[in-house]
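Chain and residue survey
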Amino acid sequence: MAHQIDLTGSWFKLKRAKEHIDAFHRSVEDKLGPHPIQYGLASKFDPDQAVFVFYIDRLVEIDDCWSLIIGDAIHNLRGALDHLAWQLAIRHCNGVEPKDPGSIHFPIEIDRSKWPRNFFDTSDSAKIEDLQPFNEDSAAKAQKLPHPFVMLRCLSNGDKHRMIQVTSHHPATYTIPKITLHDCEFRGQNIGLTAFWGEPKLGEEIIRVPVTITGDKPTVELEGYVSFYIAVRERWNVEDVLTIIHQRVETLLGRF
């Protein structure tokens, strides 16, 4: 009969990770408001070009505690997998703890040729294989994110030596459901998001509305917004990152 593994530690680590993830979501919403999180926009009129320009007039303050919360969540997510790996290694050794515990860690492999690891039973290795990064993760791909375990490894390795750096904010989407004009009319069709990438700056132009003046007090009212997300590493939406990594770890633990 195969040795029965004890995943109490793994599930506890996962539970702690979820508590940190939920705390991060709450902290972001408490400080920045409900989703979609929006930049503050204001407008001005450029008389030389007869264009109303909407620009960013309020930027984002990143809370210093967010990096610490993210780091704690990542630490526990990685710990949940390493606890699993330790238990599987004991089972592979017929209930005896491996002599070199420092060598036992959860494998995250992008090269299929290097799988499986020789410190797991074949049946246990098979339960892990399809969640490895050498297989595509369709949900992460749809969100334009790397494989969840690749992100976990990247963030975990960085957190060992320094605080996970939140790279401030990054534009996400924009919507212009309604534009109301007073004492002016649309001139042409040049209405839309001004191209920018990276972290916007205060006063940066977002939307241009060219008009023809028809009255004494021309104004343009915009019922729309430009949303953003809190980013980490290579412009990854950190809320999505934490959520999808947690889901994959939970799925994996559930197989044992």
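Anything mentioned here points back to the structure above.
Residues numbered from 1 in each chain as written. Predicted model: local features only at pLDDT ≥ 70, side-chain atom pairs only at ≥ 80, totals over all residues. Heavy atoms only, no water.

**Some points on the pattern of salt bridges**
What counts is decided by this rule: We count a salt bridge whenever a side-chain nitrogen from Lys or Arg sits within 4 Å of a carboxyl oxygen from Asp or Glu.
Within the structure shown, the criterion is met by eleven salt bridges. Where salt bridges share partners, they join Lys15, Arg16 and Glu19 into one cluster.

**Concerning the sheet that holds strand β7 (residues 219–232)**
Inclusion rule: Here, strands pair whenever DSSP counts at least two bridges between them. We count a stretch as a helix when DSSP gives it H or I for four or more residues in a row; a strand needs E for two or more, and each element gets its number in order from the N terminus.
Spatially, three strands are ordered β3-β7-β8 in an open sheet, and the strand pairing comes out antiparallel. Each edge of the sheet is formed by a strand with only one pairing partner; in this case those strands are β3 (166–182) and β8 (236–237). Both β3 and β7 contribute to a ladder of eleven bridges, which runs antiparallel. The residue of β7 that forms the bridge with proline 171 is phenylalanine 228.

**Brief notes about the environment of leucine 81**
Rules: Partly exposed residues are those whose accessible area sits between 20% and 50% of the maximum for their type, while under 20% is buried and over 50% is exposed, using a 1.4 Å probe and protein chains only.
Here leucine 81 shows up in helix α2 (residues 65–92). Overall, the relative accessible area of 0% leaves leucine 81 in the buried class. With 68 residues separating them along the chain, leucine 81 and lysine 13 place their C-alpha atoms 8.9 Å apart.

**Side note on the packing of helix α1 (residues 8–32) against helix α6 (residues 238–254)**
To keep things clear, this is the line we draw: A fitted line through C-alpha atoms represents every axis, and for helices the fit uses only the stretch in contact; the resulting angles, taken between N-to-C directions, go from 0 to 180 degrees. Each angle is binned into one of four classes, with values under 35 degrees roughly parallel, values over 145 roughly antiparallel, values of 65 to 115 roughly perpendicular, and all other values oblique. Whether a crossing is left-handed or right-handed is set by the direction in which the near helix is turned from the far one by less than a right angle, anticlockwise for left-handed and clockwise for right-handed. By the convention used here, residues are in contact when the closest approach between their heavy atoms is within 4.5 Å. Under this grouping Gly is polar, as are all residues other than the nonpolar Ala, Val, Leu, Ile, Met, Phe, Trp, Tyr, Cys and Pro and the charged Asp, Glu, Lys and Arg.
For the pair α1 and α6, the least separation of the axes is 11 Å and the interaxial angle reads 160°. It follows from the interaxial angle that α1 and α6 lie roughly antiparallel. Taken as a pair, α1 and α6 cross one another with a handedness that is left-handed. From α1, Ser10, Trp11, Leu14, Lys18, Ile21, Phe24, His25 and Val28 reach across to α6, where they touch Val238, Glu239, Leu242, Thr243, His246, Val249, Glu250, Leu253 and Gly254. Residues that form the contact of α1 with α6 fall into these classes: nine nonpolar, five polar and three charged.

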